[in-house]
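# Close look at the chain arrangement
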Amino acid sequence: MKTYTVYLPSHTHDPLAIGTLTYQPSSNTATFTRQGKSNLTFSSMATAIDGIKAIYPNAFIEEE
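Anyway, here's the lowdown on the structure attached to this text. (Residues numbered from 1 in each chain as written. Predicted model: local features only at pLDDT ≥ 70, side-chain atom pairs only at ≥ 80, totals over all residues. Heavy atoms only, no water.)

To continue, consider the nonpolar core. Formed by 13 residues in total, the largest nonpolar core has its most connected members in Val6, Leu21, Ala30, Phe32, Met45, Ile52 and Tyr56. Those elements that provide at least two residues to this core are strand E1 (2–8), strand E2 (16–24), strand E3 (29–33) and helix H1 (45–55). (Core = buried A, V, L, I, M, F, W, Y, C linked by side-chain atoms within 4.5 Å. Buried < 20%, exposed > 50% of the residue type's maximum accessible area, 1.4 Å probe, protein only. Helix = DSSP H or I, 4+ residues; strand = E, 2+ residues; numbered from the N terminus.)

Attention now goes to H1. Within H1, the full set of buried residues consists of Met45, Ala48, Gly51 and Ile52. Buried residues of H1 fall within an arc of 120 degrees about the axis and therefore sit on the same side. Opposite its buried face, H1 presents the exposed residues Ala46, Asp50 and Ala54, each directed more than 90 degrees away. Looking at the buried residues of H1, the elements they touch are E1, E2, E3, strand E4 (40–42) and strand E5 (60–63). (Arc of directions from axis to C-beta. Contact = heavy atoms within 4.5 Å.)

In this section: unusual backbone geometry. For Asn28, which is not glycine, the phi torsion reads 50 degrees and is therefore positive. Residue placement: Asn28 occurs in the loop between E2 and E3. On the basis of relative accessible area, Asn28 is assigned to the partly exposed category, the value being 34%.

On to the sheet that holds E4, then. Strand order in this open sheet of five strands is E4-E3-E2-E1-E5, and the pairing throughout is antiparallel. Looking at strand neighbours, the two that pair on one side only are E4 and E5, the edges of this open sheet. Averaged over all pairs of adjacent strands, the angle between their axes in this sheet comes to 25 degrees, without regard to strand direction. Relative to E2, E1 runs antiparallel, the two sharing seven bridges. Looking at E2, one finds that Tyr4 is bridged to Leu21. (Pairing = 2+ DSSP bridges. Axes fitted to C-alpha atoms, helices over the stretch in contact; angles between N-to-C directions.)

The values reported here are purely geometric and, on their own, carry no functional implication.
Encoded structure:
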């Protein structure tokens, strides 16, 4: 299992962490967890990145 933090960029402050993306290689699924919102589960890491970019176009991820 790999865990990534999803951020939104900021030009005046440090990037804002908006959630975590957990990738499970054995089942090839990724789950995007946001505080106060329901989890989003995707069928692959590529689909997860595309889905997150559809909601947050400027988002980027960093591996923990």
